[in-house]
Amino acid sequence: MRCHGRRSALFAVAVAAAIVAAAAAAEVVHDGRRTYIVHCSHAAMPSEFAAHGDWYASSLQSVSGGAAEVIYTYDTLLHGYSARLTRAEARALEAQPGVLLVNPETRYELHTTRTPEFLGLDRAEALFPESNTASDVIVGVLDTGVWPERPSYDDAGFGPVPAGWKGKCEGGSDFNSSACNRKLIGARYFLAGYEASKGPVDTSKESRSPRDNDGHGTHTSSTAAGSAVRGADLLGYASGTAKGMAPRARVATYKVCWVGGCFSSDILKGMEVAVADGVDVLSLSLGGGTSDYYRDSIAVGAYSAMERGIFVSCSAGNAGPGAASLTNGAPWITTVGAGTLDRDFPAYVTLGNGNKYNGVSLYNGKQLPTTPVPFIYAGNASNSSMGALCMTGTLIPAKVAGKIVLCDRGTNARVQKGFVVRDAGGAGMVLANTAANGEELVADAHILPGAGVGERAGNAMRTYASSDPKPTANIVFAGTKVGIQPSPVVAAFSSRGPNTVTPGILKPDLIAPGVNILAAWSGSVGPSGIAGDDRRTSFNIISGTSMSCPHVSGLAALLRSAHQDWSPAAIRSALMTTAYAAYPNGDGLLDVATERAATPLDMGAGHVDPSKAVDPGLVYDLAAADYLDFLCAIEYEPAQIAALTKHSSDHCSPNRTYSVAALNYPSFSATFPAAGGTEKHARTLTNVGKPGTYKVTAAAAAGGTAIKVSVEPPTLSFSKVGEKKSYTVSFAAGGKPSGTNGFGRLVWSSEHHVVASPILATWT
């Protein structure tokens, strides 16, 4: 899986791989074996066995002759075990009675001071009575571990650990079991699957314990629920009070990601233990491509977590702006894309011809001279075809010494390029976007004077550097600026829909802040994430859907504290139907990748608005039985449904008609043939607010042509909390070329509330 943090990473190879969907390939095969996860029917255990573990060991012995051993057994989120098998052994196991599926393991990888104010939480304390008092809501974060000494885990003012908590604080290398407290109430680590595939953890690079040597896990958990910390900053940038979305929630961390990635056998065990420990929210900033839900370990684990009332939030991925690039698309998961804040870190690049260009930077070290500095394009300072990218060893020192070097963005980590320039004797760096990133700017803590600029500025600078006989430049760093408009905008890197597994379910669900987010950081690595960076900071600013996911996880914890009887689906509905898709002037939120209005494929329902989500008026609720009907609608086989849900394989009745359009989801995705057609969707709304009468407005269009949207009935009246009302929506569309998309919005409005849903129409 990919860890959805978009940054110059500690392990540059892992970050480069995280940009490529193929990085989610299965783990390395050696000795003809790889790890498989064996899904079994719990009820099918032969009577001669006293325990399921005995059955599993016996079945494994029968196909491997003792050559394979059980890595993990799974008892709650699924029934079965993981083991290293040959292909022949896996096929033989799958043919055994009681074995539902044998899935090859997947490797996944990892995909603030301003955020609470930007989201309005500083003005909404009265709406969330638990947000400033000790809360028993527990957020479980599966990631790279935790740096427990950070003040974001200070437990001052917290009461005793909740009585029902069953978790532990596991000791290990460089981590004492006493490191937890009343805020950080649990810390565990899982590596049996990783070590079965990759060999023993290299303890010279990372701790064999919950200790976070990467920084990603500390950043995500403190974003979700970090305690308030005054005087937080990164190298003087973004100074203020840093706190998570739910600062009074408890935190439990589960380290499932290591240098070589995050393996599904470990992730499943981590999820299983977290659920058994008693978490209320699960946050996973991980991704691993797309596959059927019964083959997606996160989807499998999340299903059973949902059944137990646990809200599961996952990052959409960082493979945008390409279409159909998102991961974690199961409808029982809340899938989160990334947007910007109204805060920026400007840097200005002035060329010798007098032209000035806006960029961004988090550099805070020795400044460049005020006089012009010689300037060179890296492509003109290398004998390598990769020279323009400033790859290691590609620059010619004699050509770059004492100069500002213009490097192209791409392939290797952004901040690593600065190390290459510095080591070749360069004085500074301008990092220029190519067409792949357009005008998206992500700030980095460069090791030398450096700034990132957009594609247009980069093109102009390349032309200047190649045409002027004595090109010069300079970089001025302007610190922190707030009130940047327009904001938010959809980040170009944020992965987009449609949902390739189930096009009838619109994903992502919504967006949240994910660009230049300040949160706590590991003490093992510098802010650049590069091994040669000897700077150490308590906080770091990084970007990615890894950062937007824990925002929603924390907000879900706030909603759970305010509405303890709400289901995970009700919480997601409240977040989605109150999200905003337009600025106050009425213009649609921008997509930085296209510089045009974003669509539901980019942002789902829109940008999260927690002050409204706490009182949404109406919600689209769902129970486990509804998701089972959905699995029947997508025609999963009985064994596939049983492996995914642990429910009877004969759930789908031949006497019923199942439809994806009947799933009570807070968004609409209608599909038409190229010739056009009609489609009907059914929905039910539950009143969670004041009594009132709601009237509907709905519209959608594609290519300037309106899609006819009819809602019956057009008015719904609610007299009490918990009352349910149903309606149907009919979509009728004319012919359009295959691949055309149309967009719209359906809104129920009362005197007190607005309940909005995005509409996607697709011609196939």
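Residues numbered from 1 in each chain as written. Predicted model: local features only at pLDDT ≥ 70, side-chain atom pairs only at ≥ 80, totals over all residues. Heavy atoms only, no water.

Okay, the pairing of strand β22 (residues 404-408) next. With five of five residues buried, β22 lies mostly within the body of the structure. Of the two faces of β22, the one holding Ile404, Leu406 and Asp408 and the one holding Val405 and Cys407 are both buried throughout. Looking at chain direction, strand β21 (residues 373-377) and β22 are connected through three bridges and run parallel. Bridged to Ile376 within β22 is Val405. Where the polypeptide runs from β22 across helix α10 (residues 414-423) and back to strand β23 (residues 428-432), its parallel neighbour, the crossover connection is right-handed. (Buried < 20%, exposed > 50% of the residue type's maximum accessible area, 1.4 Å probe, protein only. Helix = DSSP H or I, 4+ residues; strand = E, 2+ residues; numbered from the N terminus. Pairing = 2+ DSSP bridges. Right-handed = clockwise from strand over helix to strand, strands pointing away.)

Okay, the side chain of Asn540 next. Along the chain, the position of Asn540 falls in strand β30 (residues 539-542). You can call Asn540 buried: its relative accessible area is 0%. Those residues in contact with Asn540 that lie beyond four places of it in its chain are His219, Leu234, Ile517, Leu518, Ala519, Trp521 and Pro527. (Contact = heavy atoms within 4.5 Å.)

This part covers the confidence of the model for the protein. Regions with low pLDDT should not have their predicted coordinates read in detail. Per-chain confidence: the protein averages 92 in pLDDT, with 93% of residues scoring 70 or above. In the model, residues 6-27 has pLDDT below 50 throughout and makes 70 contacts with residues more than four positions away in sequence or in other chains. (pLDDT = per-residue confidence, 0-100.)

Remark: helix α7 (residues 264-277) packs on helix α8 (residues 297-307), axes separated minimally by 9 Å, with the N-to-C direction vectors making an angle of 10°. It follows from the interaxial angle that α7 and α8 lie roughly parallel. Counting all contacts with α7, which are made through Ser264, Ile267, Leu268, Met271 and Val275, the residues of α8 involved are Ser297, Ile298, Val300, Gly301, Ala302 and Ala305. (Axes fitted to C-alpha atoms, helices over the stretch in contact; angles between N-to-C directions. Parallel < 35°, antiparallel > 145°, perpendicular 65-115°, else oblique.)

What follows concerns the pairing of strand β2 (residues 34-40). With seven of seven residues buried, β2 is to be regarded as a mostly interior element. Across five bridges, the pairing between β2 and strand β5 (residues 99-104) is antiparallel. Residue pairing across strands places Ile37 opposite Asn103, the latter belonging to β5.

The next point concerns the packing of aromatic side chains. Applying the stated criterion across every chain yields a total of 18 aromatic pairs. Between the aromatic rings of Tyr294 and Tyr636, the centroid separation amounts to 4.9 Å while the plane-to-plane angle is 80°, which identifies the pairing as edge-to-face. On the criterion of sequence distance, the pair formed by Tyr294 in the loop between β15 (286-287) and α8 and Tyr636 in the loop between α16 (624-633) and α17 (638-645) is long-range, its members being 342 residues apart. Aromatic pair Phe672 and Trp763: ring centres 5.4 Å apart, planes at 45°, arrangement tilted. Placement of the pair is Phe672 in strand β34 (residues 668-672) and Trp763 in strand β41 (residues 754-763), with a sequence separation of 91 residues. For the pair formed by Phe672 and Trp763, the shared burial category is buried. An aromatic cluster of three or more residues is present, and its members are Tyr293, Tyr294, Tyr303, Trp332, Tyr627, Phe630 and Tyr636. Geometry around Trp147 places Arg211 over its ring, the cationic atom sitting 4.3 Å from the centre. (Phe/Tyr/Trp six-rings, centres within 6.5 Å; stacked < 30°, edge-to-face > 60°. Lys NZ or Arg CZ within 6 Å of the ring centre and 35° of its normal.)

Moving on: the UniProt feature "domain: Subtilisin-like protease fibronectin type-III" (unreviewed entry) in the protein. Here, UniProt's "domain: Subtilisin-like protease fibronectin type-III" (unreviewed entry) annotation points to residues 663-760. Counted over residues 663-760, helix gives 0% and strand 66%. Its end C-alpha atoms are 15 Å apart. (UniProt positions renumbered as here; feature names shortened; annotations may be inferred.)

According to the stated counting rule, one finds four disulfides in the structure shown. Each disulfide pairs two cysteine sulfurs, and for Cys257 the partner residue is Cys262, the sulfurs being separated by 2.1 Å. Between Cys257 and Cys262 the disulfide shows an S-S torsion of about 110°. By sign, it is right-handed. Of the residues examined, Cys257 reaches a relative accessible area of 3% and is grouped as buried. Classification of Cys262 by relative accessible area gives buried; the value is 0%. Cysteine pairing for the protein (bonded cysteines numbered in sequence order): 1-2, 3-4, 5-6, 7-8. (Disulfide = S-S within 2.5 Å.)

A word on the nonpolar core. Core analysis: the largest hydrophobic core is formed by 67 residues, its most contacted members being Tyr254, Ile267, Leu282, Leu284, Leu286, Trp332 and Leu644. Residue contributions to this core reach at least three from each of two domains, namely domain 1 (34-104) and domain 2 (116-336 + 491-579). In contact with Tyr254, other than residues within four places in its own chain, are Gly140, Val141, Leu142, Asp143, Trp165, Arg188, Phe190, Gly270, Val273, Ala274, Asp277 and Val279. With 39 residues, the next largest nonpolar core counts Tyr363, Val373, Ile404 and Ala445 among its residues. (Core = buried A, V, L, I, M, F, W, Y, C linked by side-chain atoms within 4.5 Å. Domains from an automatic or database assignment.)

Below, the discussion takes up the layout of surface pockets. Empty space within the largest pocket amounts to approximately 680 Å³. Taken together, 26 residues make up the lining of the largest pocket; nearest its centre are Asp344, Glu439, Leu441, Ile484 and Val592. Taken together, the elements giving at least two residues each to the lining of the largest pocket come down to β18 (343-344), β19 (346-351), β20 (356-360) and β31 (590-591). Among the residues forming the lining of the largest pocket, the class breakdown is twelve nonpolar, seven polar and seven charged. Residues lining the lining of the largest pocket come from more than one domain, with at least three contributed by each of domain 2 (116-336 + 491-579) and domain 3 (347-477). (1 Å grid on protein atoms, 1.4 Å probe; cavity = no way out; pocket = protein on both sides within 12 Å on 5 of 7 lines; lining within 4 Å. Points joined across faces, edges and corners; volume = space filled by probe spheres on them. Nonpolar A, V, L, I, M, F, W, Y, C, P; charged D, E, K, R; others polar.)

Right, let's talk about the sheet that holds strand β6 (residues 107-108) for a bit. Taken in spatial order, the three strands line up as β6-β13-β12 in an open sheet, and their pairing is antiparallel. The sheet terminates laterally at β6 and β12 (257-258), the two strands that pair on one side only. Of the strand pairs in this sheet, β6 and strand β13 (residues 261-263) are connected by two bridges, and their pairing is antiparallel. Each residue of the ladder has a partner; that of Arg107, found in β13, is Phe263. Against the sheet, α7 makes contact with β6 and β13, and its axis sits at roughly 65° relative to β13, the strand it touches most.

With that settled, consider unusual backbone geometry. With an omega of 5°, the peptide bond running from Gly320 to Pro321 counts as cis. Inspection of the secondary structure assignment puts Pro321 in the loop between β16 (311-315) and β17 (334-339). The omega angle of the peptide bond from Gly497 to Pro498 is 10°, so this bond is cis rather than trans. By secondary structure assignment, the location of Pro498 is in the loop between β27 (489-490) and β28 (510-513). Phi is positive for Asp174, close to 60°, though the residue is something other than glycine. The backbone phi angle of Glu595 is positive, close to 60°, even though this residue is not glycine. Within the secondary structure, Glu595 sits in the loop between β31 and β32 (596-597).

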